[in-house]
Structure formats: C-alpha cells, structure tokens
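# Understanding the architecture of this molecule
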Amino acid sequence: MSVDLATRLIDVLGGLLLFSTLLILAAGQLFRAIYAVAVQSVFLAIAGAVLGAATGNPDLWIIAGITIVVKAILLPWLLIWVVRRIQIPREIEPVIPINATLGLAAGIVVLAFRLSASLGPVRQAITGNALPVGIALILLGVLVMASRRKALVQMVGLFASDNGIFFTGMAVSQGMPLIIEIGVILDVVLGALVMGILVLRVRSSVDTDIADLEDLRG
Amino acid sequence: MEVHKPSLRGAVWLAHLLILGGASAGATLALRVLIGGAGTLSLTLPRLFPFAEMSLSMDGLSAFFLLVVTLVTAAAALYGPSYLGAHAKAPLVQTFALGGFVACMAGVCCAGDGLTFLLAWEGMTLASYVLVIIDTRNEENTRAGLLYLVMAHAGTAALLVVFLTLSARGQGFDFAALRTAARTLQEPTRTVLFMLALVGFGAKAGVVPLHVWLPKAHPAAPSHASALMSGVMLKVALYGIFRLGFDILAPADGPLPASWGWTVLIVGTVSAVMGVLLALQQHDLKRLLAFHSVENVGIILIGAGLAMLLSRGRGAEPLAVLALAASLLHTLNHAAFKGLLFLGAGSVLSRTGVRNMEELGGLARRMPWTTWLFLLGAVAISALPPLNGFVSEWMTFQALLLGGAKLGGASGLLAGVAASMLALTGGLAAACFAKAFGVTFLGRPRSVHAEHATESPAPMIAGMLLLAGACVALGLLPGYAMRLLDGPTQELLGGLGPSAVVTARGPLVLSGNGAASGLEATSISVTAVAALLALLAAVAWVLRGWPRRAPRRLAPTWTCGMLPSSRFDYTATAFAKPLRLIFAAVYRPRRAIARETGPSPYVVRRLGYTGEVVDLAETMLYTRLKRWITATAQGIRAYSTGRIHGYIAFVLVTLVLALLFFARV
C-alpha cells in the first residue's frame, strides 16, 4: 500500500472516528451510545490494519485484531448485558443539555487542531491529521464522562477516550510496543469489569444508581 | 514491672551483643580510615533499582561520623538489655527497631550515592518512629510520634528536591556525579539548594525553629534509644549539612558564599540560646536533656558557620580549620556526654519510674554510681574544665574571637555577637545542670519512688562508664583527638590538618600554631588545668582533716521548731524562678494559684500552683500555621462535592489548561 493512499485513508478514518464520538455525545439513548462506541472501535481497528499494511509492522495487525474482539464486541456486549440485567430507564441523563455538550465538543475539536499546529515536529507524513484527531478523541471521551450522570455512560466515555489514546499512539509513534498496548487494553477490560460489577451490586443491594452515592458524603 | 521468659531475655541479650559486635567492627573500620591511613573504602551494593547503582563509601568525614555512631551504639547495646528487662513492652520489637535504627544511621554516614543516602535516611526515621511510640503507649506519645514523622518527612521532601535536582543534571546518583553537577550550577541556584538542604537536615537536627518535635519525641523513646536519638541521630543530620555544604554543593574554587556562613551562624546562635533557655524551665529530666540537644546542635553549627565564613576555597586557612575542628570535636563530645546523661536519666527512670524531677531528690545515697556518672556528664555539658565539653567550646571561642577579628566588618561583628551568646549559653547550661543535678540527686527524697530507689544493675553502669571514659579521655588528651579530625577537615577545607594547627606542644595544649598572630594568647593546657584542679582538691582534702578547736557535732537543720520535711527543699521551679523573671520576654510565663478556703476566706485549706512557659516558635509559628492549614482545608472541602462527573470535569479542565500551557505556539 502506498504511503499516499495510507495517509488519505487515515485521514478519512480519523474523520469517521471523530464523527462516531460526536454520535456518542449526541445520543439520547443508552443503547445508541453503546453502538456508537462499538462502531468507533471498528474504525480504530481498520486504522490499525491500514497502518500495519503501510509500515509493515506486524504488531499493529495483532492490535487491530485485539481491538475488534475486545472493544468492538466483548465490551459493548458486556455493557448491553448489564443494562438488560438491571433494567434502568434507558434515557441518558445529561448533567448539561446535549446541545450545550455539542457546543463544548466543537470548541474542544477546534482547540485540538489549533494546539497540534504548535506540535509540528510530531506530525508525520504518513499519519496526516491523526494527532489533532487523537487529542480531540481523548478530550471528548473525558467530556462524555464529565457531562453524563449514569455510570454506564461514563464507561462508554472511558472507552471512547481509550480509543483516542490508541489512535494517538498509533499515529504518532507508528505503534507503541505490543506489551504496552496489551497492558492498556487489560486496564480497560478490568475497569469495565469492576465498574459493571459495582453497578450490578449497588443496584441489587440498595436499589440505587452509582451517581446517587454522592448523598453519602458527610 | 513485667517478668519476661528466660528465652525472650536470652534473645534480647543476644541481639544486643550482636549490635555491640557490629559497633566494635564499625569503630575499628572507622579508626583504620582516620588513623591507619587506609584511604577511602568503598563497596558496591547489589543493584536494587534499574536506574541507579548503589554503593557505600567511607572517606574521612564518613569515618568520623561512623565513629560517633558506634561509640554511643556500643554504650546503648551494653545498657539496653537490663533496661528493657526492667520495664519494657515488646522488648523484641524494640530491640529489632534499635538494630535497624543503628544500621540505617551507619548507612547514612557511609552512603556513596544519593539513593543509598535517602533510603537509609528514611529507614532511620521510620525505625526511630517505632522506638518513640512503642515504649509507653499513650495519647501524648502517639501525638509526639506523629509530629516527628510529619516534620521528618517535610524535611526529607526538601532533601529530595536537592538530590533530584543534582542527579538530573549529573546523570547519576553517586556523589561524584552530584559533585560534578553542582559545579555547573549558577550561584543563586546553588544557594537555594543549600538552603533547602539546611531546612531538610535542620528539621532532623532540631535547629530552631524546626525543633518543636524534638523535646516531645526524644523523651518518649526508651532511654538508650533517646541517647542514640539525641546523641547520634542529630549528628547524622549534621553530617548531611557538612557533606552538602562543604563538599558536594561547594563551588569548584573560591570561598563558600557568605550568605551560607551567615545563615548557619545565625541559626546556630539562636538555637544555642533558645535551646538552653527552654531547657532551664523543664522539670522533666529527659525533656530537659532533649532541649540541651537543641542547644548543642546550635554550638556545633556556630563552629560550622564560622568555618564557612572563613574558608577560602581549597587554600589553607588555619582559623577556618580551627573552627571546623571545634565543630566536629563538639559533635563527638556531645555524643559522649549527652549519651551518658540520657543513660543516667534512664537509670533514674528505670529505678524510680519517675521523670519529673520535682518528685525525685536524695538519690545520691541510693544510687551512687549513677549519681557520680551523671555529675560527670553534667560537668562536661556545662563546658567546665577538665572535661571534653570545655575543650570543644573553648576551641569554638578561640575561633570566634580570632576569626571575628580577622573577618572584621559585619561578619566580624556577627562572630562577636555569637561569641557573647555562646558565653551566655555556657553559663545558663551550668545553671541548668546545677538545678537538674541538685534537685534530682541531692537533698531528701520527695516521693516514695525516690525513697525506695536502688542502684541499677552492672551492665547499665558499664554502658555509662564507657561514655564517661570517652568524656574524660577527650577532655584530658584533646591533642590526640585532633588526629582523628585531620582526615575530615582536610577533605572539606584542604590545607593543614587540625593536628598541625591546633596543638602546639604534644597532647597538652589547645592553641594555634602557624596561624594568625594572637592565637597563642588564647591557648590553654587542659591537662595542666586538670592537674591544678586535682591539686586544689588534694589541698582541700588535706585541710579537711586539719584539727579544729571545737568538737564536731551532727544535728538536723534548724527549722524554727517544726519537723523538717522534704517539702522544705529547694524545688526545680523555685531554682529557675530568677531566670524566668529575667527572660520573661522570651518565656511569656503564666501562672495560676488556686486557693481552697474553709468556711472563712481567711482560712486557706490548700494552695495549688501551676505555672508554664511557652516555646515562642510553637506559639508564633506553628499555631498560626496550623490555623492556616485548617482554614485552607475547609475552603477546599467546599469543592469536594462527591459527584463523580464533577471530579471528571476537574480532570478535563486541568487537561485542557495543561495543553494550553505547554503547547503554546
């Protein structure tokens, strides 16, 4: 695969990743957000495969495979299972209105592009505009976590942010060492498991949502 | 009093004997470096961390401080088992903490790189913390331990900044790399690092105003551990000041910055005066001794500060050598007599169970060995000839007076002020120990505990005798002690060693040689003074047996027809009263008299007296600091909402701000 083609593909995939994050932010319903993050993970895996083909680094193929299996299938399935299990209202309860969140998101994307202009030396020919997209993905994921009340949506935000970190890592360093990528994925899986169990247990024992735990503060 | 199983006592004894063996080995090694000319010993440790080598290295300065550590350790190891057997809780834990404490102190002195140094330093803090809180478990000791831990870690934080700054520049932790890194520093950076080091080590050494933990924590430990903490641990902190100030941070050539010498000299003077003033008003024997440690650290720092002011780069400056030698010698001397005094106080404590000297008295007949040994220590710490305290303080005086004259100007004036303050300190220390000794050992017993006291067992006496021997030897033969100081001073200042500068004729005389004119005028022969004193004593002894005209008659003191009771004796509070009045501006004394009257207000049934003095540093500085921290914490609490998404929003804002800040175009 030629370098030129790879750059263009990465640019297109970056746009799609950004779009899927905006879908998460705009989602008014829990399942939509989960599907959006699954789609985002698929795009990320494709980006990894494209980079792997362009650079000939076999590690990137492995990471792409793991991403498909874990992030696009396993974790969304876990989330959906938890939602079905606890039977909560499936509306997203935003802390600030969805429209305002989208406005903030636009600001963050602009900021990310402006900032990365100052990081010129880091931008490499092959990955084009991947760096600002990666930064924007990370920050937007955190924005999802900060602006939604439900613990499950915060988990979705965590996955989106994590996807952003992966994309940045791939784009900037053309693949971090395999062991680090696997470690990061394990972290996310563990976090998801712990949070899922916590949500279930809190629900089954005191019949309340995690967000209500703030009432415990003395 | 608890009775321990024989196997437990055997284990405690065995562990203490091991510590004693280690101390002897360490002392032998140190003496080989100091006198045997073994050069610098070094040892590479197994690699624990991927980023740094660890090593031990012993040059003259390390060896000298190791000698200080081992001297008191040996005495404490002899003394410990009997003391623990008498009244300790968890003697095995205490023994192991003691062993770890001593090992870490030796490790700090012999560290060859910053990492080993900091690890041993932290180990020293933690082990001594265990010793502080374990002996008597009560609320007060727990708080003292916590205060100690907080102060020690605040100090370590300052040290971390220093060491990490240097190691980042030097690409390594070993002292050679740090030294090279320090050479490239700008003058202001260097001074900031030294001040940080001074704060970090000063918090541990107990210099005013960082001393508040010391009089609370030291007395709480078992007495032989108090002896080690006061006599040695403070010195290990001073080792850090010497090592960084004169060696690692020193500029490649030219004198040390004047601001360093000024700061150290002023801090030392303030510590000396405040330490002894506060000691005067203490009626708890061990706390009084702890305050005297603040004073003596001040005296050591006076010598060090003067040496910094007088030093001229690597060239020889006899007066600087004299000041540094005085400072180092006082380090060794203070370890010997403060160790002796703490062991003596521990002996009193273990036989009576009382630390408040108002409840003691009359121990001279009941505990003769302890009494004489404590008296010897008291004479030494009061800087009276012919014991070792006099030697080093006299040398400090010589250096201050002659150095002040040589420096001239503001520095000279400062040296003069320091000299007069040192004189005041010496006088007040003598008054303080007249009180401590007189009230504790003389007169009549003021409580049943004191009345039924008996002499301590032989091993405890042996531990004290070891240190008493060191006091006498260092006092009578200071000329030989100078040879111990040759290595350290030549490493730090270069040029002549103190044995060439200080001793004029053999082991006898304490004076300058080849130094500035006028040094001979202040020379003194301690041995001759001792001989003179011995002669006077002999004359008094002979005259005592001279036949008198009237026959001798023994009778009780006339007390206006009342039965004499021990309540008539002079108390410690009363003894310190005149000084409390003179220095009222510093003490801010408060007293309350409670009268309990009968049916008529003119019939007083009972009078209660309570009085207290304040530590100015505590009220002026720490109380305010505490109030400020509490207020800030309350302010922060308002933002601690407990909402998870709120916290995540903080993270987001911080991230964006950090990006904006670091990625500016």
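Values in this document were obtained by computation on a predicted structure and should not be read as measured data. (Residues numbered from 1 in each chain as written. Chains lettered and ligands numbered in written order. Predicted model: local features only at pLDDT ≥ 70, side-chain atom pairs only at ≥ 80, totals over all residues.)

## Topic: the overall build of chain B
Definition in use: Each helix corresponds to a stretch of at least 4 residues labelled H or I by DSSP, and each strand to a stretch of at least 2 residues labelled E; elements are numbered beginning at the N terminus. Values of the radius of gyration come from C-alpha atoms, whereas the globule rule sets the reference at 2.2 Å times the count of residues to the power 0.38. The exposure scheme places C-beta atoms from the backbone and then counts, for each residue, the other C-beta atoms within 10 Å of its own, assigning buried at 20 or more, exposed at 12 or fewer, and partly exposed in between. We call two residues in contact when the distance between their C-beta atoms, placed using the backbone, is within 7 Å.
Tallying secondary structure elements over chain B gives 25 helices and six strands in all. At 27 Å, chain B has a C-alpha radius of gyration in line with the 26 Å of a compact globule built from 665 residues. For chain B, with 665 residues in total, the buried portion stands at 50%. Across chain B, every contact between residues at least 6 apart in sequence was considered, and the portion connecting residues at least 24 apart equals 77%.

## Section: the overall build of chain A
Helices and strands together make up the secondary structure of chain A, namely seven helices and zero strands. Looking at chain A residue by residue over its 218 residues, the buried ones come to 42%.

## Comments concerning the interface of chain B and chain A
Our working definition: In this count, Pro and Cys sit with the nonpolar residues alongside Ala, Val, Leu, Ile, Met, Phe, Trp and Tyr, while Asp, Glu, Lys and Arg are called charged and the others, Gly among them, polar.
Taken together, the contact pairs 15 residues of chain B with 17 residues of chain A. Class assignment of the residues belonging to the side of chain B that touches chain A gives a composition of ten nonpolar, three polar and two charged.

## Details of the environment of Ile135 of chain A
Residue and element names in this part refer to chain A. Tracing the sequence through the fold places Ile135 in helix H5 (residues 130–147). Under the C-beta neighbour-count criterion, Ile135 is labelled buried, with 25 such atoms within 10 Å. Considered as a pair, Ile135 and Val188 are 53 residues apart in the sequence and their alpha carbons are 18 Å apart. Setting aside residues up to four positions removed in sequence, Ile135 forms contacts with Ala112, Leu115, Ser116 and Thr168.

## Digging into the confidence of the model for chain A
Let me state the cut-off plainly: The predictor attaches a confidence to each residue, called pLDDT, with possible values from 0 through 100.
Residues of chain A with pLDDT of at least 70 account for 89%, and the chain-wide mean is 83. When the elements of chain A are averaged for pLDDT, helix H7 (residues 178–206) of chain A gives the smallest value, 81, and helix H2 (residues 30–55) of chain A the largest, 89.

## Notes on the domain arrangement of chain B
Rule in force here: A domain assignment, automatic or from a database, supplies the domain bounds used here.
When its domains are assigned, chain B resolves into domain 1 (253–343 + 350–358 + 369–445 + 456–539 + 573–582), domain 2 (588–614) and domain 3 (618–662). On a C-alpha basis, the centres of domain 1 of chain B and domain 2 of chain B stand 41 Å from each other.

## Focus: the packing of helix H7 (residues 187–205) of chain B against helix H9 (residues 223–248) of chain B
Residue and element names in this part refer to chain B. Formally: Only C-alpha atoms enter the line fits that serve as axes; for helices the fit covers just the stretch in contact. Angles between N-to-C directions range over 0 to 180 degrees. Orientation labels follow simple angle bins: below 35 degrees gives roughly parallel, above 145 gives roughly antiparallel, 65 to 115 gives roughly perpendicular, and whatever is left gives oblique.
Interhelical geometry of H7 versus H9 gives an angle of 170° and a closest axis separation of 8 Å. For the element pair H7 / H9, the angle class is roughly antiparallel. In this structure, H7 uses Phe194, Ala197, Leu198, Phe201, Lys204 and Ala205 to contact H9, whose residues at the interface are Leu234, Ala237, Leu238, Gly240, Ile241, Leu244 and Gly245. Residues belonging to the contact of H7 with H9 are distributed by class as follows: ten nonpolar, two polar and one charged.

## Structural notes on the packing of helix H11 (residues 285–310) of chain B against helix H12 (residues 318–352) of chain B
Residues and elements named next belong to chain B. Contact pair H11 / H12: the axes reach a minimum separation of 8 Å and the direction vectors enclose 170°. Relative to H12, H11 is oriented roughly antiparallel. For the contact of H11 with H12, the residue count by class is 17 nonpolar, seven polar and two charged.

## Here's the deal with the confidence of the model for chain B
All names here are of chain B. Here chain B averages 86 in pLDDT, and 94% of its residues register 70 or above. Note on residues 504–508: pLDDT is under 50 here. Beyond four places in sequence and across chains, it has twelve contacts. Interface confidence for the predicted complex, given as ipTM, is 0.83, next to a pTM of 0.79.

## Observations concerning the environment of Gly611 of chain B
Residue and element names in this part refer to chain B. Tracing the backbone shows Gly611 in strand S6 (residues 604–612). Using a count of 15 C-beta atoms within 10 Å as the deciding quantity, one classes Gly611 as partly exposed. The sequence separation of Gly611 and Leu289 amounts to 322 residues, and the corresponding C-alpha distance is 20 Å.

## Concerning the nonpolar core
Inclusion rule: A set of buried Ala, Val, Leu, Ile, Met, Phe, Trp, Tyr and Cys residues, joined to one another through C-beta atoms within 7 Å, is what we call a nonpolar core.
In this structure, Met105, Val108, Ala325 and Cys471 of chain B are the most contacted members of the largest nonpolar core, which totals 203 residues. Discounting residues that sit within four places of it in the chain, Met105 of chain B has contacts with Val69, Met124, Val232, Met233 and Val236 of chain B. Judged by nonpolar contacts, the second largest core, of 64 residues, contains Ala36, Leu139, Leu158 and Met170 of chain A.

## As for helix H6 (residues 151–173) of chain A
Heads up, the condition is: Expected span of a helix, by definition, is 1.5 Å for each gap between consecutive residues, and there is one gap fewer than residues.
With 23 residues, H6 of chain A should cover 33 Å at 1.5 Å per step; its first-to-last C-alpha distance of 33 Å lies within 8% of that length. Most of H6 of chain A is tucked away: 19 of the 23 residues are buried.

## Some words on helix H15 (residues 388–407) of chain B
Residues and elements named next belong to chain B. Its 20 residues place the ends of H15 28 Å apart at the C-alpha level, agreeing with the 28 Å of an ideal helix rising 1.5 Å per residue. Buried residues dominate H15, accounting for 16 of its 20 residues. Of the residues one or two after H15, Gly408 is the one with positive phi, at around 65°.

## Quick notes on unusual backbone geometry
Residues and elements named next belong to chain B. In this chain, Val208 is followed by Pro209 through a cis amide linkage whose omega measures 5°. Positionally, Pro209 belongs in the loop between H7 and helix H8 (214–217). The backbone of Ala383 shows a phi angle near 60°, a positive value even though the residue is not glycine. Locating Ala383 in the fold gives a position in the loop between helix H14 (368–381) and H15. Judged by local crowding, Ala383 falls into the buried class, with 26 C-beta atoms found within 10 Å.

## Examining the environment of Gly37 of chain B
One can find Gly37 of chain B in the loop between helix H1 (6–34) and strand S1 (41–44). Take Gly37 of chain B: there are 8 C-beta atoms within 10 Å of it, and that puts it in the exposed class.

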